[in-house]
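Coordinate inspection notes
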Amino acid sequence: MSNQNYYIPHGTYWPVIGSIGISTTFVGLANLMHDVSWGAPVMGLGLTILVFMMFGWFGTVVNESISGTYNKQVDRTFRWGMSWFIFSEVMFFAAFFGALFYARILSVPWLGGADNNMFTPELWEGFKATWPLINTPGAIGQGGTAFSTSFKLVDTWGLPAINTALLLSSGVTITYAHHALRKGHRNALIAWMIATIALGVLFLGFQITEYGHAYHDGLKLTSGIYGSTFYLLTGFHGFHVTVGAIMLTVILYRIQKGHFNSENHFAFEGVAWYWHFVDVVWLGLFVFVYWL
Amino acid sequence: MSTISAVAAHDDHHGPEKGLLRWVKTTNHKDIGTLYLWFAFSMLLLGGAFAMGIRAELLHPGLQLMDPQFFNQLTTMHGLIMVFGAIMPAFVGLANWLIPMMVGAPDMALPRLNNWSFWVLPFAGAILLSTFFMEGGAPAFGWTFYAPLSTTFAPDSTDFFIFAIHLLGFSSIMGAINIIATVLNMKAPEMRLMDMPLFVWTWLITSFLLIGAMPVLAGAVTMMLTDRNFGTAFFDATGGGDPVMFQHIFWFFGHPEVYIMILPAFGVISHILPTFARKPLFGYASMVYATASIAFLSYIVWAHHMFLTGMPVAGELYFMYATMLIAVPTGVKVFNWVATIWKGSMTFETPMLWALSFVILFTIGGFSGLMLGIVPADIQYHDTYFVVAHFHYVLVTGALWGIIAAVFYWLPKWTGKMYNETLGKVHFWWAMISVNVVFFPQHFLGLAGMPRRIPDYSLQFADFNYISSIGGFAFGLSFVLFAYIVVDCIRNGKPADSRPWYSAKGLEWTLSSPAPYHSFNTPPTRAEILEESQHS
């Protein structure tokens with residue numbers, strides 16, 4: 001058995017273009033946050049470079065894949081790569097879930113005097129440690145200016161429950177799509193893919209609607225620790241759903257172009273894994289952010 | 001299939017391209033390893049220059065050279081540059097050079113991604129260093145960037161620092177994914193997991209630490225970013241958050257991080273000691289299991305960095321005992337190294353000198369770590385120069401020593417030439433003596449109560465600080481000699497054999513020196529693998 005079949009590409013400019021793109025984006029974003037006038041256009045330029053890079057890099061890989069350059073071993077490399085990339089994403093969300101649990105279980109009760117913190121409540125008269133934390137210490141202590149809060153909670157069994165159903169169903173439809181792909185049922189495959197994307201887009205639409213209601217009812221990023229964890233967790237999840245939906249659309253396009261066959265379709269599987277990961281994160285969100 | 005072989009065969013013969021753009025486009029593991037190593041070395045010199053500034057200010061009591069704010073910027077950037085710019089990239093560079101050769105692979109599993117992992121670094125470094133020239137100066141809150149110093153009270157440049165950390169973390173995660181895919185998927189079909197050399201094992205385990213820890217760091221700096229710019233309250237008690245929460249999240253990354261920086265060095269030492277003691281490595285399997293145990297434990301001990309920050313006593317006890325547990329697998333490793341050289345026919349070539357001094361000096365750092373891990377003792381040591389002495393013994397005479405030992409050990413394989421042995425030994429003794437002059441007195445300073453990260457100190461600390469600074473300048477200068485030895489080797493070195501060390505084992509020594517551009521086009525056989533394996 002020889003390694004000569006393992007494809008080693010030679011010479012590529014896409015990575016350095018990607019580095020230029022991502023650095024430009026970050027420099028633009030940092031300046032935008034500091035109200036520098038050229039921040040936004042520079043960030044836009046950076047994002048454009050990034051999109052250009054993705055088209056170019058993925059395009060190259062797709063062409064190599066179609067022309068049969070990759071063997072089984074390369075396929076296994078992609079599988080390892082995608083699995084551990086998803087694990088790194090899991091750990092990114094773990095940081096935010098960790099912050100949520102730390103606040104709920106430890107630091108908010110401590111602010112209210114739990115454990116050996118009996119003098120802490122003296123700092124803010126009338127502070128009650130509750131979760132969700134509606135009245136922050138700042139809202140009480142400093143004339144109600146810092147983190148002044150008064151918001152209504154999102155109803156668990158309204159939009160969030162519907163969204164749970166949508167996302168779980170999309171997990172089922174993508175599995176049906178995979179079965180159709182493996183059996184070579186092209187029309188069923190396309191139908192299930194469209195259903196999956198539609199469910200994802202519907203989810204995003206409801207999520208935006210829910211944000212609108214929450215914001216209208218006073219729940220903002222600046223509403224203290226509840227708003228912080230709520231928006232960062234659901235926001236990053238929503239961002240991942242958006243990315244997942246874009247990837248699914250690309251896969252649908254590639255299905256139309258006839259890029260996959262019943263044996264060889266790792267790109268489809270990788271996106272399906274990602275979609276399931278987004279699904280599982282949502283379950284965590286539904287239980288710990290919206291429900292309990 | 002025929003087309004595929006043709007692609008590979010065509011590529012094999014043209015080898016490296018000509019011109020400078022080769023280094024931008026390259027997908028070759030040796031080119032990328034070289035880029036990583038030179039980048040790390042230049043960052044080492046830069047971070048070292050910051051350290052020289054720190055030691056110059058601390059040469060005498062009182063404020064001489066800089067205002068305290070700039071001193072704080074120097075300590076912060078020294079730490080960040082050394083950790084993220086020098087030590088971590090140097091080890092990834094070693095991994096790039098060595099892992100494909102050690103597992104009998106032609107190259108890394110994901111060559112384009114490999115290029116990106118490197119080519120993010122110069123951009124991240126540039127963004128990080130540009131903060132020096134911004135209004136309000138560079139970040140000055142220490143490399144641990146605790147909130148609220150890094151949120152409420154930090155200069156605007158902190159947002160650039162945050163994005164630099166994002167990029168550096170991105171590079172590490174991509175690099176780690178690549179290494180896992182290379183080790184598990186590219187190793188010779190006849191190589192079993194327990195045939196793998198220890199450098200490969202330690203890097204495989206380190207990759208899991210990177211993928212587990214770096215995204216958490218990304219989460220921490222993202223929370224900082226939103227706290228600073230979008231009014232969230234993660235680390236602000238007035239909004240119901242907690243600055244201590246920052247420390248928990250940071251050290252959940254930070255403690256695995258210290259093992260990320262030392263485990264590959266353990267691997268390097270486990271290659272060098274057997275070669276120059278002319279004995280097989282003692283306890284191969286226990287070395288593997290000890291490394292995995294250390295990695296596992298590193299995830300569940302983080303709050304021993306925070307004993308004085310405030311936590312329930314039960315928490316302090318748990319984190320103290322869990323920390324003590326790490327001494328067991330670490331002890332297994334140190335005893336195995338000692339047993340490896342026990343009654344060996346030792347010779348003392350330069351790599352061996354670095355490896356032997358690693359065992360002794362790293363163990364000193366390990367012991368001072370044990371002292372710091374004991375809660376009642378830590379109340380005395382916390383945030384003093386004792387901590388500075390401790391982590392410089394594990395990071396300089398541990399991690400950096402492992403890197404330098406590896407450079408001398410594998411330089412003949414990389415360049416095909418031999419370095420100047422006399423100069424190598426002069427450099428070793430110069431660095432080894434001076435590093436102890438810098439850092440050993442800092443133990444006494446810390447025990448006597450000198451706080452870290454302060455530009456001025458009371459008179460009773462003057463003598464030891466003077467000694468430490470003199471040692472610091474000498475140690476800094478030793479790296480000029482190091483650079484000379486490496487460049488001299490590349491330019492004027494005598495040709496080296498494919499196996500320049502008489503009893504070295506490992507598949508990399510079966511390749512010519514310098515190693516061919518594509519390491520193994522035909523994977524080694526079972527017999528070759530067993531012949532070169534580390535277990536006896």
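Because the structure is a prediction, the values reported are computed rather than measured. (Residues numbered from 1 in each chain as written. Chains lettered and ligands numbered in written order. Predicted model: local features only at pLDDT ≥ 70, side-chain atom pairs only at ≥ 80, totals over all residues.)

Some details on the overall build of chain B
Scanning chain B from terminus to terminus reveals 16 helices and 2 strands. The C-alpha radius of gyration of chain B comes to 23 Å, within 12% of the 24 Å expected for a compact globule of 536 residues. Across the 536 residues of chain B, 60% fall into the buried class. Considering only contacts within chain B whose residues lie at least 6 apart along the sequence, 83% involve residues at least 24 apart. (Helix = DSSP H or I, 4+ residues; strand = E, 2+ residues; numbered from the N terminus. Rg over C-alpha atoms; globule rule 2.2 N^0.38 Å. Buried ≥ 20, exposed ≤ 12 C-beta atoms within 10 Å, placed from the backbone. Contact = placed C-beta atoms within 7 Å.)

Description of the overall build of chain A
Counting secondary structure elements, chain A contains 8 helices and 0 strands. Reading chain A from its N terminus to its C terminus gives the helix and strand order α-α-α-α-α-α-α-α. Summarising its shape, the C-alpha atoms of chain A cover approximately 75 × 40 × 40 Å along the three principal directions. Counting every position in chain A, which comprises 292 residues, the buried fraction comes to 37%. A separation of at least 24 residues holds for 64% of the contacts in chain A among residues at least 6 apart in sequence.

Some details on the interface of chain A and chain B
Each side of the interface is counted separately: chain A has 62 residues, and chain B has 64 residues. Of the residues in the side of chain A that touches chain B, the class split is 35 nonpolar, 25 polar and 2 charged. (Nonpolar A, V, L, I, M, F, W, Y, C, P; charged D, E, K, R; others polar.)

Here we look at the domain arrangement of chain A
A common way to report how large an interface is uses the accessible area buried once the components associate. All names here are of chain A. Under the domain assignment, chain A is made up of domain 1 (1–70) and domain 2 (72–292). Each of domain 1 and domain 2 has a C-alpha centre, and these two points are 26 Å apart. Between domain 1 and domain 2, the contact holds 5 residues from the first and 4 residues from the second. For the side of domain 1 that touches domain 2, the class distribution of residues is 5 nonpolar, no polar and no charged. (Domains from an automatic or database assignment.)

Considering the environment of A:W291
Residue and element names in this part refer to chain A. By the element assignment, W291 lies in helix α8 (residues 266–291). Separated by 51 residues in sequence, W291 and H240 have C-alpha atoms that sit 21 Å apart. Apart from the residues within four sequence positions on either side, W291 is in contact with T156 and F286.

Comments concerning the packing of helix α11 (residues 350–373) of chain B against helix α13 (residues 385–415) of chain B
Residue and element names in this part refer to chain B. Packing of α11 against α13 leaves a shortest axis separation of 8 Å and a crossing angle of 160°. The angle between α11 and α13 falls in the class roughly antiparallel. Relative to α13, the crossing made by α11 is left-handed. Here the contact of α11 with α13 is composed, by residue class, of 18 nonpolar, 10 polar and no charged. (Axes fitted to C-alpha atoms, helices over the stretch in contact; angles between N-to-C directions. Parallel < 35°, antiparallel > 145°, perpendicular 65-115°, else oblique. Left-handed = near helix turned anticlockwise from the far one by under 90°.)

Comments concerning the environment of A:V250
Tracing the backbone shows A:V250 in helix α7 (residues 225–256). Measuring from C-alpha to C-alpha, the distance between A:V250 and A:F268 comes to 9.7 Å, with 18 residues separating the pair along the chain.

Description of the confidence of the model for chain A
Caution applies to low-pLDDT regions: their predicted coordinates should not be interpreted in detail. Looking at chain A, pLDDT values average 92 and 97% of them are 70 or higher. By mean pLDDT, helix α4 (residues 137–141) of chain A is the weakest element of chain A at 78, and helix α1 (residues 14–33) of chain A is the strongest at 97. (pLDDT = per-residue confidence, 0-100.)

Focus on the environment of B:A40
Here B:A40 shows up in helix α3 (residues 29–57). On the basis of neighbour counts, which here come to 23 C-beta atoms within 10 Å, the residue B:A40 falls in the buried class.

Brief notes about unusual backbone geometry
Each neighbour pair has its own omega, and for B:A147 with B:P148 the value is 0°, a cis peptide bond. Inspection of the secondary structure puts B:P148 in the loop between α5 (111–130) and α6 (158–186). If you check the backbone angles, A:D115 has positive phi at about 55° while not being a glycine. Checked against the element boundaries, A:D115 lands in the loop between α3 (72–111) and α4. Since 12 C-beta atoms lie within 10 Å of it, A:D115 is described here as exposed. Look at B:F145: it is not a glycine, yet its phi comes out positive at around 35°. Mapped onto the elements, B:F145 comes out in the loop between α5 and α6.

Some points on the nonpolar core
Ranked by internal contacts, the top residues of the largest apolar core, which has 247 residues, are B:I87, B:A220 and B:A405. When residues of this core are assigned to domains, at least three fall in each of domain 1 (1–70) and domain 2 (72–292) of chain A. Those residues in contact with B:I87 that sit more than four places away from it in its chain are B:M82, B:M261, B:L395, B:A399 and B:L400. (Core = buried A, V, L, I, M, F, W, Y, C linked by C-beta atoms within 7 Å.)

Overview of helix α4 (residues 68–103) of chain B
Residue and element names in this part refer to chain B. Compared with an ideal rise of 1.5 Å per residue, which puts 36 residues at 52 Å, α4 spans 50 Å between its outermost C-alpha atoms and is within 8% of the ideal. Remark: the principal bend of α4, roughly 35°, maps to M82. Once α4 finishes, G104 follows within two positions and takes phi at roughly 75°, a positive value. (Expected span 1.5 Å × (residues − 1). Bend = angle between axes of the 7 residues up to and from the residue.)

A short note on the packing of helix α5 (residues 159–183) of chain A against helix α6 (residues 186–216) of chain A
Residues and elements named next belong to chain A. Between α5 and α6, the least distance of the axes is 8 Å, while the angle of their chain directions is 165°. The orientation of α5 with respect to α6, classified from their angle, is roughly antiparallel. Between α5 and α6 the crossing geometry is left-handed. Here the residues of the contact of α5 with α6 sort into 18 nonpolar, 8 polar and 1 charged.

Looking at α11(B)
The periodicity of an α-helix, 3.6 residues per turn, causes residues three or four positions apart to be oriented the same way. Residue and element names in this part refer to chain B. With 24 residues, α11 extends 34 Å between its outermost C-alpha atoms, agreeing within 8% with the 34 Å of an ideal straight helix rising 1.5 Å per residue. Roughly 25° is the biggest bend found in α11, and it falls at F358. Of all 24 residues that make up α11, 17 are buried, and the element is covered over most of its length.

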